[in-house]
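# Reading the structure
Residues per chain are reported as follows:
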2 protein chains.
Amino acid sequence: MAHDTAVIDGLQYCNWSREVFEQMRAGGIDAVHVTATYWENARELLSNIGDWNRRFEAHSDLIMPVETADDIRHARESGKTGIIVGLQNCSPIEDDIDMVAILKRLNVHIMQLSYNNQSLICAGCFEDTDPGISRFGRQVIAEMNRVGMVIDMSHSAEFSTLEAIRLSERPVVVSHANPQFYHDTSRNKSEKVMLALAESGGLMGFSCYPFHLRNGSGTGIDEFTEMIARSADVMGAEHLGIGTDLCQDQPVEVLQWMRNGNWSKVMDYGEGSVERPSWPDPLPWFRTSADFPNITRGLRDRGFSNAEVDGIMGGNWLRFLDDALQPAV
Amino acid sequence: MAHDTAVIDGLQYCNWSREVFEQMRAGGIDAVHVTATYWENARELLSNIGDWNRRFEAHSDLIMPVETADDIRHARESGKTGIIVGLQNCSPIEDDIDMVAILKRLNVHIMQLSYNNQSLICAGCFEDTDPGISRFGRQVIAEMNRVGMVIDMSHSAEFSTLEAIRLSERPVVVSHANPQFYHDTSRNKSEKVMLALAESGGLMGFSCYPFHLRNGSGTGIDEFTEMIARSADVMGAEHLGIGTDLCQDQPVEVLQWMRNGNWSKVMDYGEGSVERPSWPDPLPWFRTSADFPNITRGLRDRGFSNAEVDGIMGGNWLRFLDDALQPAV
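Because the structure is predicted, anything quoted here is derived from the model rather than measured.

What counts and what doesn't
Residues numbered from 1 in each chain as written. Chains lettered and ligands numbered in written order. Predicted model: local features only at pLDDT ≥ 70, side-chain atom pairs only at ≥ 80, totals over all residues. Heavy atoms only, no water. Helix = DSSP H or I, 4+ residues; strand = E, 2+ residues; numbered from the N terminus. Rg over C-alpha atoms; globule rule 2.2 N^0.38 Å. Areas by Shrake-Rupley, 256 points an atom, 1.4 Å probe, with all protein chains shown as cover. Lys, Arg positive; Asp, Glu negative; His and termini not counted. Charge placed at Lys NZ, Arg CZ, Asp CG, Glu CD. Axes fitted to C-alpha atoms, helices over the stretch in contact; angles between N-to-C directions. Parallel < 35°, antiparallel > 145°, perpendicular 65-115°, else oblique. Contact = heavy atoms within 4.5 Å. Nonpolar A, V, L, I, M, F, W, Y, C, P; charged D, E, K, R; others polar. Least-squares fit on C-alpha atoms with pLDDT ≥ 70 in both. Expected span 1.5 Å × (residues − 1). Buried area = accessible area lost by both parts, 1.4 Å probe. Salt bridge = Lys/Arg side-chain N within 4 Å of Asp/Glu carboxyl O. Polar contact = N/O pair within 3.5 Å; in protein donor to acceptor, adjacent residues only side chain to side chain. Buried < 20%, exposed > 50% of the residue type's maximum accessible area, 1.4 Å probe, protein only. Pairing = 2+ DSSP bridges. pLDDT = per-residue confidence, 0-100.

## Focus: the overall build of chain A
- Helices and strands together make up the secondary structure of chain A, namely 11 helices and 9 strands.
- Its C-alpha atoms give chain A a radius of gyration of 18 Å, within 12% of the compact-globule value 20 Å for 329 residues.
- Surface summary for chain A: the accessible area is close to 12300 Å², and the carbon and sulfur share equals 47%.
- One finds the centroid of the 28 positive side-chain charges in chain A at a distance of 1 Å from the centroid of its 47 negative side-chain charges.

What follows is the structure, given as structure tokens:
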């Protein structure tokens, strides 16, 4: 499953281990956007960055930090996987605008403006009401634009997302979600959002997390690629990517923490339910990063051209990051 | 007062303002080691770094951040003053070894292992007993050696200082202190320490803080340069620098906080006393950075060669930093 350009997974939060990094290599993945925060504050994020620094030392034959998009090319050339560190929430910047530049300097390159809930910046996708972007949020968007930190609205609410796209002078992404026209949940995205993302010059990464898919863990690769083909009709294939949301080897306690953080006294089941409180079974054709070529094969079978497949599998992410990770000129 | 190499002040903690930065330029200072911490924890230091980032934006015509020693040359060439950020205490790394690399990435290049008191690493100069370097401290020294963060023992106790020099594989500095043979206080340094610093390849910067000088605020430039000449006999002129400890425009509350941090319920007067609780009057020949040429003139009058004067005024610091700020090979 050779590609003429880098292969990139737009989101993972695995229980990181040497085996997981070996599977990235086995799957031919040249870069992965990894999650370093769900609910952490600034100090807690520093410890998570410290953990990544230890992994870069311990597994320097398999992974390397990504500072600019060219590092993804360097990773590809040297047979490693570049790690793009990102945050699923804005909690680490607390209420401090100066933290944006400081985190960028620490190679935090992508940040979601909210995660499911209302943040200091905007509403999450599970809130009943959506006030859009706050006063602080407008300053954060401008500062992220300035330093070259990507705005990711994967877990944000619709009006907030549209407002972020309108206010941002640079393209916005949804790193991992699926279209509502395919599976109508508040966590997935409307055609209106998809069009606005494309018009901004951003992209959407398709998720392999079963709760984002109409037939859950029973979803076939053919159905997945049909969803992508219909999305290409809406956004154009050049605005599509992959963001698998792979959460491999994580115990249920991590899922509970992702859903409940420190904010909930009662168990919040997120996209699950009392009856389905735990991780969904993985898709049979996407259990680990080593299965990445199954997606490539599926896209080719769907009839996408080689150039389109290369774009969706990583070329579009790479072209986007070439500019997006640079400071504003 | 032209110099053939960079002019460097090895320590200041002023109430930073555009006027202070203009005085640096007026004094021909190409780089200053500035203090970003006395007692702050990790999160508080991030805010102080944020403050510096704002200053770099607001006064980009006068100052610039120093990432490597070559940036000091770039500052000199462009008529700016390079800012070398350092810490007077190890409090920001808390008990977390990973913080050393994270702070280095944020351009924290110099760290004292203790400030007056016992730290998690070693004893300060005002402690009655001195256990030397702790278990954590040995790991911190190795990690500072690895990433290229300078070990500064200005406010540390004697045995701790000698042990740090012995354990460190790279040279150690005392950025700002004077010899005990000239003025015998626990804050100044013994000949034993001075010799060990020189043998390590490090250096000592002479302080213009009146409490470090035998005749306090009445100390003349001739007495100051005589102290330097006698130190050159001990250490060799190539291991000498300037570290003025200039604390310009600071209110007495800042002095009280430097002395008491959060640790003391009763007023600690440090090098002062109940009778002299406040800042000493500045030396008449060193009130601001603009007076730096008075030191150059004094050293020339003392009979140092031009090369020796250039070295003491900054060349020795620059040569030292050329290697010291690089990661270990």
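## Section: the packing of helix α2 (residues 42-58) of chain A against helix α2 (residues 42-58) of chain B
- As a packed pair, α2 of chain A and α2 of chain B sit with axes 9 Å apart at the nearest point and diverge in direction by 95 degrees. Considering the angle they form, α2 of chain A stands roughly perpendicular to α2 of chain B. Touching A42, R43 and L46 of chain A of α2 of chain A are A42, R43 and L46 of chain B, all from α2 of chain B.
- Residue composition of the contact of α2 of chain A with α2 of chain B, grouped by class: 4 nonpolar, no polar and 2 charged.

## Points about the relation of the copies chain A and chain B
- With an axial shift of 0.0 Å and an RMSD of 0.0 Å, the rotation relating chain A to chain B amounts to 180 degrees. This pairing of chains is accounted for by a two-fold axis. Of the C-alpha atoms belonging to chain A, the one lying closest to the rotation axis is found on R43 of chain A, 2.9 Å away.
- Of the interface residues in chain A, 100% have counterparts in chain B that sit at the interface too, so the contact is made through matching surfaces.

## Topic: helix α8 (residues 221-235) of chain B
Residue and element names in this part refer to chain B.
- The end-to-end C-alpha distance of α8 is 21 Å, a good match for the 21 Å that 15 residues give at a rise of 1.5 Å each.
- For α8, the secondary structure elements touched by its buried residues are α7 (191-200), β8 (203-206), β9 (240-242), α10 (292-302) and α11 (306-324).
- Taken from the residues just after α8, G236 is the one with a positive phi, measuring 90 degrees.

## What about the interface of chain A and chain B?
- Listed per partner, the contact involves 22 residues of chain A and 22 residues of chain B.
- Together chain A and chain B conceal approximately 1800 Å² of surface at their shared face, both sides included; 46% is due to carbon and sulfur atoms.
- Its largest share of buried area at the contact with chain B, chain A owes to R43, I102 and R105 of chain A, together 35% of the area lost on that side.
- Here chain A is connected to chain B by 10 salt bridges.
- The interface formed by chain A and chain B contains 12 residue pairs in polar contact (both at pLDDT 80 or more).

## Concerning the packing of helix α3 (residues 70-77) of chain B against α11 of chain B
Residues and elements named next belong to chain B.
- Contact geometry for α3 and α11: axes closest at 9 Å, N-to-C directions at 135 degrees. Relative to α11, α3 is oriented oblique. Contact residues: α3 offers D70, I72 and R73, while α11 offers L318, L321 and D322.
- Looking at the contact of α3 with α11 residue by residue, the classes come out as 3 nonpolar, no polar and 3 charged.

## Comments concerning the pairing of strand β4 (residues 81-87) of chain B
All names here are of chain B.
- Among the 7 residues that make up β4, 7 are buried, leaving the element largely enclosed by the rest of the structure.
- Taking every second residue as pointing to the same face, both faces of β4 are buried, with T81, I83, V85 and L87 on one and G82, I84 and G86 on the other.
- Sheet analysis places strand β2 (residues 31-35) next to β4, joined by 5 bridges and oriented parallel. Bridging across to β4, V34 finds its partner in V85.
- For strand β3 (residues 63-65) and β4, the ladder comprises 3 bridges, and the chain directions are parallel.

## A short note on the side chain of D71 of chain A
- Position of D71 of chain A among the secondary structure elements: in helix α3 (residues 70-77).
- Buried charged residue D71 of chain A carries no salt bridge. Nearest counter-charge: R105 of chain B, at 8.2 Å.
- Among the polar contacts listed, one links the side chain of D71 of chain A to the side chain of H74 of chain A, at a separation of 3.2 Å.
- Sequence-distant contacts of D71 of chain A, defined by excluding residues within four places in its chain, comprise M64, P65 and V66 of chain A.

## Here we look at the confidence of the model for chain A
- Within chain A, residue pLDDT values average 97, and 100% of them lie at 70 or more.
- Reported confidences for the modelled complex are a pTM of 0.93 and an ipTM of 0.88.

## Let's talk about the pattern of salt bridges
- Here the structure, examined in full by the defined rule, presents 28 salt bridges over all chains.
- In this structure, E94 of chain B and R43 of chain A form a salt bridge, with 2.8 Å as the shortest nitrogen-oxygen distance. Of the two residues, E94 of chain B is situated in the loop between β4 and α4 (98-105) and R43 of chain A in helix α2; the pairing between them involves two chains.
- Looking at E94 of chain B, the relative accessible area reads 24%, which means it is partly exposed.
- Judged by relative accessible area, which is 16%, R43 of chain A ranks as buried.

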